[in-house]
Amino acid sequence: MQGKKLPLVILTRKLPDQVEKRMCELFDTEVVKQDRPMSRQELVAAVKRADVLVPTISDVIDKDLIDQAGNNLKMIANFGNGVDNIDINAATGRGILVTNTPNVQTEDTADMAMALILAVPRRLVEGANVLSENGVWPGWSPDWMLGRRIYGKKLGIIGLGRIGTAVARRAKAFGLSIHYHNRSRVSEKIEEQLEATYWADLDDMLKTMDIVSINCPLTEMTYHLLSEERLASMQDTAYIVNTARGEIIDENALARQIESGKLAGAGLDVFEKEPAFSPALAKLAHLGKVVLLPHMASATVESRINMGEKVIINIKAFIDHHRPPDRIIPEKFRS
């Protein structure tokens, strides 16, 4: 990247047209013709040639791939907030800077979490399917399609960060009482605004919640955070909503708990092995016990464009020898 030579920026997926257009104006940009995940072989070829790689959550950028990168690769500008798809330590060790796109998905993801909080206990999808699939509705009945009241219930939020706080604000407006578990307690001001109760012990919180919303990032510490043992400790009338990462829940254990009646249901936008998901969960969805969505919490036009703009800003700052605003620094490299 010397002189006036533009950096070679390789996109791994199709991005919004206006984002791609702007990238092509600013950089030597390679776009993909078909919107599908790159194969491993294609990713290897990309990291060997690129100055900047722009991957998404569907791309596994692990140590083995990074070790095969060419000397030109100096930046991985992730199109997404979460970076659990990238081995940050391996990249940093090779002198490759990693950025993400934080803050632009907060409200959209919180909207979806709130939608699932409403949809699962109130049986919204199940009710809609009565009309769309059967085409026959016998009419109103006082003892038919009964769900659970939302107002007055206890919502336990795992991860009261930006998205968790946005979920809490929405839920409070619906009359839920807010509870949360974090590695560290939030400020007294935020607790007062949300009328939120802090639980230092996650196990204690789970035992008393009516609904649990997962809003924490996926890390080594949060993998299968909701284990079979923890799921079994919850009330049999409780619901779980996950718009974070599928791996935070033991998916098979969750299916077993719901199938046995030890949990009331779940609303899931993410899965352990996307795009695959548990056949047991699919069966439960047909029975109206769970609501399954295809990872669409942040899928708004505004969000995708904002994410692209963040990627562009980070790349432009880097090639102009400035510090990218969304640089990721792993714990082991922090001073």
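Residues numbered from 1 in each chain as written. Predicted model: local features only at pLDDT ≥ 70, side-chain atom pairs only at ≥ 80, totals over all residues. Heavy atoms only, no water.

## Digging into the domain arrangement of the protein chain
- If you check the domain split of the protein chain, you get domain 1 (8-100 + 300-333) and domain 2 (105-292).
- Across the contact, nine residues belong to domain 1 and five residues belong to domain 2.
- Between domain 1 and domain 2 the total buried area reaches about 600 Å² when both faces are included, carbon and sulfur atoms providing 40% of it.
- Sorting the residues of domain 1 by area buried against domain 2 places Ile57, Asn81 and Asp84 first, and these three jointly supply 59% of that buried surface.
- Linking domain 1 to domain 2 there are one salt bridge.
- The shortest N-O distance in the salt bridge between Arg245 and Asp84 comes to 3.0 Å.
- Put simply, domain 1 and domain 2 have three residue pairs in polar contact (both at pLDDT 80 or more) between them.
- Of the residues belonging to the side of domain 1 that touches domain 2, the class tally is two nonpolar, five polar and two charged. (Domains from an automatic or database assignment. Contact = heavy atoms within 4.5 Å. Buried area = accessible area lost by both parts, 1.4 Å probe. Salt bridge = Lys/Arg side-chain N within 4 Å of Asp/Glu carboxyl O. Polar contact = N/O pair within 3.5 Å; in protein donor to acceptor, adjacent residues only side chain to side chain. Nonpolar A, V, L, I, M, F, W, Y, C, P; charged D, E, K, R; others polar.)

## A few points about the nonpolar core
- Ile158, Ile214, Leu231, Ile240 and Leu254 are the most contacted members of the largest nonpolar core, which has 29 residues in total.
- Listed by contribution, the elements that provide at least two residues to this core are helix H9 (202-206), strand E9 (211-214), helix H11 (251-259), strand E11 (265-268) and helix H12 (279-286).
- For Ile158, the residues in contact, after removing those within four places along its chain, are His181, Leu202, Met205, Leu206, Val212, Ser213, Ile214, Asn215, Cys216, Leu225 and Leu226.
- Among the nonpolar cores identified, the runner-up in size contains 27 residues, and Leu116, Leu155, Ala171 and Ala196 belong to it. (Core = buried A, V, L, I, M, F, W, Y, C linked by side-chain atoms within 4.5 Å. Buried < 20%, exposed > 50% of the residue type's maximum accessible area, 1.4 Å probe, protein only. Helix = DSSP H or I, 4+ residues; strand = E, 2+ residues; numbered from the N terminus.)

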